[in-house]
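Now for the letters of each chain:
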There are 2 protein chains.
Amino acid sequence: MPPKDAPDIVVRRLPYYMRALAQAAERDQTVVSSQELGAWLGVSPAQIRKDLSYFGEFGKQGLGYEVAYLRDQLRAILRADRDWQVVLVGAGALGTALAHYPVFTYGQFPIVAVFDNDPAKHDRRLREDLVVQPVAGMEQAICDRGIRVGILAVPAGAAQEVAEGLVACGIEAILNYAPIRLSLPEHVRVQDIDPVAVLQSMTYYL
Amino acid sequence: MPPKDAPDIVVRRLPYYMRALAQAAERDQTVVSSQELGAWLGVSPAQIRKDLSYFGEFGKQGLGYEVAYLRDQLRAILRADRDWQVVLVGAGALGTALAHYPVFTYGQFPIVAVFDNDPAKHDRRLREDLVVQPVAGMEQAICDRGIRVGILAVPAGAAQEVAEGLVACGIEAILNYAPIRLSLPEHVRVQDIDPVAVLQSMTYYL
DNA sequence: TAGATTGTTAATCGATTAACAATC
DNA sequence: TAGATTGTTAATCGATTAACAATC
């Protein structure tokens, strides 16, 4: 019986486990139990143990998990032990804000190229090392560098077309800020970030 | 047997149904089937019918749903037929970008006050009608206007404290951009938006 | 009427939790 | 050793899907 793949919902929790462990390590905590980790994250200890068990055995009975070790294991599992160059499309207010995030500047997901269709924005310098370019040059730039991750911060009307361009350039993971559902090939992962939809679901309860 | 409350996961899908219907209405489409709506959204027709059935009967057998009618019903259910004034805390790059979103300017969630703890930012004008104020005046401003929704766009280190301040002011729903889990009273709804966690879960598959 | 599609029930599928033997 | 906590199995819970009578 082959080991079961971790469900996507489990994979999506791992970054939160990883972050909690990184914070614990910064506090010089050396060991943590599933009980404690769960309390921090609002998750049951059983769920944490079950989630981790999809990927291996990381703890010691009677003791718990070594903080630094488990953090490093999760980093390796999520491929967070390396950088992923990112291409940003859309240099409006949101794109500009994202370009200044530390994680997108020196962090794990450096934005290395920005494109926009608005000629008024071309050559604008978003950062020391980042100049807005015309979308026409996108394919070339992405292929040359082997970039696989894209962030879409364009208006809804342009999103589908731009997304197809990204996919044609070899992008396999897209973080989509445009409030529209993208239709893309199966192999491309898309995650939407939509603050309005989130707020609208919250006001239901008010 | 009392009717069952809709699960939260259903409520979270309604904004997407609502948006698709609004777009269909703009195309002057008058009627839509669960089949068609599901195809647009990448959801099964059965799921759409089941989801809607938590809230009432909105369709006609053999025909489908009247687009404008169902859109309006969903608007009423989600309380999207009114404005919700929003308070923004954090006037950095992200907060500034959010302040310029149309939906947060003239839309359903107008940001009516911005606070920041950095004196250098005080009195900065984010928009025609929006000036950054010291956090000290927050409670007063929120209570005066009866604001119930907050957006948190401050660094992780300040988030918990600021969130507690918001709750003390009567805020009941928080959209949290800080990469940290907030511990707040049960009655306060919190939704996190964390692009890094999302990207990290996607790179697992690359 | 005949064809289509809803609303709902029952079946299926998948995720979470409880419980406990293994063992540090 | 005694106490604690893991990893895993089985039980439970909840969400999705399939199917179909009702009916437009």
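For the structure itself, look to the data block above.
Along each chain, numbering runs from 1 in the same order as the chain's sequence is written. Key to labels: chains lettered from A, ligands numbered from 1, both in the order written. Restriction of local features to residues with pLDDT of at least 70 applies here, the model being predicted, together with a cutoff of 80 or more for giving and counting side-chain atom pairs; totals for whole chains, interfaces and linings are based on all residues. To get the side-chain values, all heavy atoms of the structure are used, and hydrogens and water are removed first.

**Topic: the interface of chain A and chain B**
- With 52 residues of chain A in contact, the opposing surface of chain B contributes 52 residues.
- A simple way to read buried area is as the amount of 1.4 Å-probe accessible surface that goes missing from two parts once joined, with both sides added. In this assembly, chain A packs against chain B so that about 5000 Å² is buried in total across both faces, 70% of it on carbon and sulfur atoms.
- Here, a salt bridge means any side-chain nitrogen of Lys or Arg that lies within 4 Å of a carboxyl oxygen of Asp or Glu. If you look at where chain A meets chain B, you find 2 salt bridges.
- Here R19 of chain A and D194 of chain B are joined by a salt bridge, their closest N and O atoms 2.1 Å apart.
- Side-chain atoms alone can form a polar contact between residues adjacent in sequence; in general such a contact is a pair of N or O atoms within 3.5 Å, and within protein one must be able to donate a hydrogen while the other accepts it. At the junction of chain A with chain B, the criterion picks out 12 residue pairs in polar contact (both at pLDDT 80 or more).
- Tallying contributions element by element places helix α9 (residues 195-203) of chain A first for the side of chain A that touches chain B, with 9 residues. Pairs of residues are marked as contacts when any of their non-hydrogen atoms sit within 4.5 Å. Working definition: helices are DSSP H or I runs of at least four residues, strands are E runs of at least two. Numbering for both runs from the N terminus.

**Quick word on the sheet that holds strand β2 (residues 59-60) of chain B**
All names here are of chain B.
- Pairing in this open sheet of 3 strands is antiparallel, and the strands run β1-β3-β2 from one edge to the other. Because the sheet does not close on itself, it has two edges, and the strands there are β1 (31-32) and β2.
- Criterion used throughout: strands pair if DSSP finds at least two bridges between them. Pairing between β1 and strand β3 (residues 64-66): 2 bridges, direction antiparallel. Within the sheet, the bridge partner assigned to V32 lies in β3 and is Y65.

**Structural notes on the packing of aromatic side chains**
- Stacked, edge-to-face and tilted labels apply to pairs of Phe, Tyr and Trp rings (six-membered ring for Trp) whose centres lie within 6.5 Å, assigned for plane angles under 30 degrees, over 60, and everything in between, in that order. All told, the structure shown has 6 aromatic pairs over all chains when counted by the stated rule.
- Between the aromatic rings of Y204 of chain B and Y205 of chain B, the centroid separation amounts to 4.9 Å while the plane-to-plane angle is 85°, which identifies the pairing as edge-to-face.
- Ring-pair connections join several aromatic residues into one group, and the members of that group are F55 of chain A together with Y204 and Y205 of chain B.
- We count a charge as sitting over a ring when the NZ of a lysine or the CZ of an arginine lies within 6 Å of the ring centre and within 35 degrees of the ring normal. Here the guanidinium or amino end of R27 of chain B rests over the ring plane of W40 of chain B, the centre of that ring lying 4.8 Å away.

**Observations concerning unusual backbone geometry**
- Its identity is not glycine, yet D28 of chain A carries a phi of approximately 65°, on the positive side.
- Its place among the elements puts D28 of chain A in the loop between α2 (14-26) and β1 (31-32).
- Each residue gets one of three labels from its accessible area relative to the maximum for its type: buried under 20%, exposed over 50%, partly exposed in between, using a 1.4 Å probe on protein chains only. Note on D28 of chain A: relative accessible area 63%, which makes it exposed.
- Of note in the backbone geometry, R79 of chain B takes a positive phi value of approximately 60° without being a glycine.
- Tracing the backbone through its elements, the reader meets R79 of chain B in the loop between α4 (67-77) and β4 (86-89).
- Judged by relative accessible area, which is 28%, R79 of chain B ranks as partly exposed.

Everything listed here is a matter of geometry and, on its own, says nothing about what the molecule does.
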